[in-house]
Amino acid sequence: MKSRLRFTLQLGFTLLVCLFMIVPVVMSVMAGLTENYFVGLESGLTLRWVNEVWQLYADTIWLSIKLALACLLITILIGVPAAYGLLRSRRRWANAIEELLLLPVAVPGLATALALLLAYGSYREFRGSWLFILVGHVLFTLPFMVRAVLSVMQTAKLPQLEEAAASLGASFRQRFFGVVIPNCMSGILAGALMVVTLSIGEFNITWMLHTPLTKTLPVGLADSYASMRLEIGSAYTLIFLVMVVPLLVAIQWAGRLTEQRR
Amino acid sequence: MSSSVSITLHQCSRTFAGDNTALQPLDLQVNAGETLVLLGPSGCGKTTTLRIISGLESPDKGGQVMFGERDVTALPIEQRDVGMVFQNYALFPNMSVADNIAYGLKIQRLPRAEIAHRLDEVMHMVDLQGFGDRRIDALSGGQKQRVALARAIAVRPKVLLFDEPLAALDAKLRDRLRIEIGQLLRELGTTAVYVTHDQDEAMALGDRIAVMQAGRIAQLGTPQEIYHQPANAFVADFIGAVNCLDVISTRADGGLVVNGGELIAAHLQGVSTVYCRPEDIQVVSVDQADVKGKVVQSIFLGQTQRLMVDTGGASPLQIEAPSRQRWPNGTAIGLALPSSVLFHPDKPTAPVNAKEMAND
Amino acid sequence: MTAASKQPFGAASYLSRPSTMVGPARRKRFIALFALLPALVIFCAFWLLPFSRLIMMGAGADPSSGVSAYLTILTHRQYLISLATTVGLSLVVSLVAVAIAGVAGFFLARQRFFGKSILVAILTFPLAFPGVVVGFLVIMLGGRQGALAQTSLWLFGERWMFAYSLAGLFIGYLYFSIPRVITTVMAACDNLDQSLEEAARSLGANTWQVTKDVIVPGIAPALLSTGAICFATSMGAFGTAFTLGTRLSILPLNIYGEFTNYANFAMAAALSVVLGVITWMALSLARRLAGGNLGASV
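Please read all numbers here as calculations on a predicted model, not as lab measurements.

1. Here's the deal with unusual backbone geometry
Residue and element names in this part refer to chain B.
Then, in step 1: Even without a glycine there, the phi angle at arginine 156 is positive, about 50°.
Then, in step 2: Within the secondary structure, arginine 156 is located in the loop between helix H4 (141-154) and strand E7 (159-163).
Then, in step 3: The partly exposed category is assigned to arginine 156, whose relative accessible area is 28%.
Then, in step 4: In the Ramachandran plot, glutamate 164 falls in the positive-phi region, its phi being about 45° despite a non-glycine side chain.

Right, dumping it as structure tokens:
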């Protein structure tokens, strides 16, 4: 009896927390789909606001996607070798380097962005291009790629597999592409999903680095919250959620996949 | 198969961070076609030695590794023509059984027909026919180790290296694979170095055994030499069980007075301790005994039983006795310890007298 | 053998000293360095160098006080209050989030019931919402047309709002902290050795005693670590604060204000460095405690 009561109390509490998390999301989604939020649902459902957002902010969405993909490409190209390097370095060095690479995550994005602005802001071309934002995103997402790949490399007993391949005569290149990469694919996948999700949602760095011509989705969001009617902000948020929620589902799925492997 | 090659280590030492010397400067020769077992407790330097031979590890400056006439010290493992079997199999999880075994052959860019032929051959040798398309994680431990074995021999290496290959398997399987590996090694005639901490494995597989202790070779010899003429107390104790009898005094006629009796051993004059193996001690009637004592404990082992006999010394003597007989605790017992079974590391063993053996 | 046998996979090479090695081992080092190089170059060029400059800039004179900006922060009430507000708010948020999500997370980790996965999904999905979105969701709850305002209008005939105050920030920070704590707590509970609990029960401990003596000590490092992450995240949360109003006096908004409104680069740099040092210390603590979790700033 007592345990039954305890269960009910805990469940009730957990449900309350869930309500706190989900109610504003649901309200925002509703607001983005109703004709007039002040009037309420009876004003009717519409895609008018979503449409309007698309007219106003489509370019921010495209830029965000472009940034995320470019960021993904770079973090794979430099992050996977970096993870391998960390795996192969002496522990003391590896720890120190990892600590360094983590700094852009440990320090608020605002500070990173300020540092970038003050150091490179005077290069007009660079300052005005989307590459400037890309730099910030790469700094911020790289540790996530490195960490995801490294953790799979460690559990995959990679050094031992590599020794086995070497004992069979495989050169470094053959080992890296034939044994290392295929055996840390799940880590690369998990890292990639993380990088894309973070890049699409990144605001703190991007807000400081953006120009009127290089607005990303979150920048556009902040913009619409400040200057547009509630329905437009909500519709815009809805679009963002539609982009990000599948990524989040995929991240969870990838996480479960790697867990099963262990 | 391929021509085998001798291995020579010259002054190979290895120091790890924190001045942790894993290996004292070591000279070691493995003859062509021979199987050498490196045996010792964990931390004795046997794996480091194997890794230096393989090229996974480098010796400190001054060390030299030779394969035959060729100095391979500076070569990484992939250029040394070795085949290695790892303790945890180290099979590539992203490849099938056949792909694992053929990996080394593909690296060598052998023609496809040749690869298929060799694949067939080694899969037959390790009794894995029909398993080619299996995924690695669908195999049992014993099957995995067979794949690992097949993968190592498929490339026809000059040297085969085994790093405790059976340690992860259960006892029954270990025995069976041990026999198979022994047959395989004899069939192939490849020079092999085999690391283990299991003395039965060492005895069964080694043409010679190097017993290692604290980064040094404590003794190098055939299994018989190691067992019957251990170089020191450590080796004697590590290989099989051994009894130590303290010599209390020496009689004028050469008899050695020990707790519970007296021993005749002309070849052991002047020693303070006499060693003998439990299975060499025989139970005899009390009036014929060299040493008398009381049974304090008996442990039934199936084929035999182990008796602990208190002779008044610091620790009881261990004796192997027929398993069907009963010795309740406290039974007075007589023990025969002929001079041929008594030994001391510093003294040569007694010449085994066939007549004496027959009389016993 | 010392190292090699205990950690069979290449651990020995980790510990080895390159100075005394010849051949293969040195090559391995070289490859490791080479693999790390691109990442290190980008990091140094675009983060280490700029941030070092930022640190130096903070030592420059603040136009209003004429002395080093670092010193100005320590001597001016306005900055000290804002620093204290930010730290205090973040601390309270972390504590409350750990308490709330600790209970819910433990419940979800240990109980099996129909619909549990939906609850877990609801509680963890907001993990990747950027700060701006969280800010907007707070407006949805406590803004002029928010849930609270509408309810209070209907019940009492007046609009209650909290979104554009410290309370709004508190709710927002809580919103993005709860998913972090819940995922960590659930993982920690999964990793907790069940046999410890069973052992305690076999010795006669009741549920409360098991919780107090086994579970809480068992997941304490995880709780502390995730709390530290929440603290660091709240300290640096710019997006949420930015959406809820730039008048609030907290560090990230101060930095933004100094930079854009007053072009006071020295002060903006100094405040950023102070903020960065605080969050970095909190996150190092978190990593030392638990390892693994990176905790991104929103």
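Moving on from the coordinates now.
2. Remarks on the sheet that holds strand E4 (residues 64-67) of chain B
Residue and element names in this part refer to chain B.
Then, in step 1: Across the sheet, four strands lie side by side as E2-E1-E4-E5; this open sheet has antiparallel pairing. Each edge of the open sheet carries a strand with a single partner, namely strand E2 (20-30) and strand E5 (70-71).
Then, in step 2: Relative to E5, E4 is paired through two bridges, and the arrangement is antiparallel. Each bridged residue has a counterpart across the sheet, and for phenylalanine 67 the counterpart in E5 is arginine 70.
Then, in step 3: Against the sheet, helix H1 (residues 46-54) touches strand E1 (7-16), E2 and E4, its axis set at about 120° to E1.

3. A word on the interface of chain C and chain A
Then, in step 1: On the chain A side, the residues contacting the 87 residues of chain C number 85 residues.
Then, in step 2: Carbon and sulfur atoms make up 78% of the area that chain C and chain A hide from each other, which totals about 8000 Å².
Then, in step 3: Scanning the region where chain C abuts chain A turns up one salt bridge.
Then, in step 4: For Arg287(C), the salt bridge goes to Glu99(A), with nearest N and O atoms at 3.0 Å.
Then, in step 5: Between the two partners, chain C and chain A, sit nine residue pairs in polar contact (both at pLDDT 80 or more).

4. Comments concerning the UniProt feature "transmembrane region" (unreviewed entry) in chain A
Residues and elements named next belong to chain A.
Then, in step 1: If you check UniProt for "transmembrane region" (unreviewed entry), the listed places come out as residues 12-33, 61-87, 99-123, 129-150, 176-200 and 235-255 in our numbering.
Then, in step 2: Here residues 61-87 runs as 100% helix and 0% strand, with 37 Å between its end C-alpha atoms.
Then, in step 3: As a span, residues 129-150 carries 95% helix and 0% strand, and end to end its C-alpha atoms are 32 Å apart.

5. What to know about the UniProt feature "domain: ABC transmembrane type-1" (unreviewed entry) in chain A
Then, in step 1: Under the UniProt annotation, the feature "domain: ABC transmembrane type-1" (unreviewed entry) is placed at residues 61-251 of chain A.
Then, in step 2: As a span, residues 61-251 of chain A carries 86% helix and 0% strand, and end to end its C-alpha atoms are 21 Å apart.

6. With respect to the sheet that holds strand E10 (residues 216-221) of chain B
Hydrogen bonds between backbone groups are what pair the strands of a sheet, and the pairing can be parallel or antiparallel.
All names here are of chain B.
Then, in step 1: Across the sheet, which stays open at both edges, the six strands sit in the order E6-E7-E8-E3-E9-E10 with mixed pairing between neighbours. In this open sheet, the two strands that pair with only one neighbour each are strand E6 (82-85) and E10. Strand-to-strand twist in this sheet, taken as the mean axis angle between neighbours without regard to direction, amounts to 15°.
Then, in step 2: Taken together, the four bridges between E6 and E7 define a ladder with parallel strand orientation. Looking across to E7, one finds that methionine 84 is bridged to leucine 161.
Then, in step 3: On the sheet, H4 packs against E6 and E7 and is oriented at approximately 175° with respect to E6.

7. Description of a nonpolar patch on the surface
Then, in step 1: A cluster of nonpolar side chains, contributed by Leu148(C), Trp154(C), Leu155(C), Phe156(C) and Trp160(C), occupies part of the molecular surface with about 600 Å² of accessible area.
Then, in step 2: Since its relative accessible area comes to 31%, Leu148(C) is described here as partly exposed.

8. Focus: the domain arrangement of chain C
All names here are of chain C.
Then, in step 1: Looking at the assigned domains, one finds that chain C contains domain 1 (1-58) and domain 2 (67-290).
Then, in step 2: For domain 1 versus domain 2, the separation of C-alpha centres amounts to 35 Å.
Then, in step 3: Tallying the contact residues gives four residues for domain 1 and nine residues for domain 2.
Then, in step 4: Considering only the side of domain 1, the residues that lose the most area to domain 2 are Leu54, Met57 and Gly58, jointly responsible for 74% of the buried surface there.

9. What about the interface of chain A and chain B?
Then, in step 1: Listed as interface residues are 18 residues of chain A and, on the opposing side, 20 residues of chain B.
Then, in step 2: Interface of chain A and chain B: buried area, both sides summed, is about 1600 Å²; carbon and sulfur atoms make up 59% of it.
Then, in step 3: Counting the surface chain A buries against chain B, the share from its top three residues, Glu163(A), Ser167(A) and Leu168(A), is 37%.
Then, in step 4: The closest approach of N and O atoms between Arg175(A) and Glu78(B), which form a salt bridge, is 3.2 Å.
Then, in step 5: Looking at the side of chain A that touches chain B, the elements that each hand over two or more residues are helix H7 (158-167) and helix H8 (172-183) of chain A.
Then, in step 6: Partitioned by chemical class, the residues of the side of chain A that touches chain B number nine nonpolar, seven polar and two charged.

Reading guide: rules and limits
Residues numbered from 1 in each chain as written. Chains lettered and ligands numbered in written order. Predicted model: local features only at pLDDT ≥ 70, side-chain atom pairs only at ≥ 80, totals over all residues. Heavy atoms only, no water. Helix = DSSP H or I, 4+ residues; strand = E, 2+ residues; numbered from the N terminus. Buried < 20%, exposed > 50% of the residue type's maximum accessible area, 1.4 Å probe, protein only. Pairing = 2+ DSSP bridges. Contact = heavy atoms within 4.5 Å. Axes fitted to C-alpha atoms, helices over the stretch in contact; angles between N-to-C directions. Buried area = accessible area lost by both parts, 1.4 Å probe. Salt bridge = Lys/Arg side-chain N within 4 Å of Asp/Glu carboxyl O. Polar contact = N/O pair within 3.5 Å; in protein donor to acceptor, adjacent residues only side chain to side chain. UniProt positions renumbered as here; feature names shortened; annotations may be inferred. Patch = residues over 30% accessible without salt bridge, like charges linked within 9 Å, V, L, I, M, F, W, Y side chains within 5 Å. Areas by Shrake-Rupley, 256 points an atom, 1.4 Å probe, with all protein chains shown as cover. Domains from an automatic or database assignment. Nonpolar A, V, L, I, M, F, W, Y, C, P; charged D, E, K, R; others polar.

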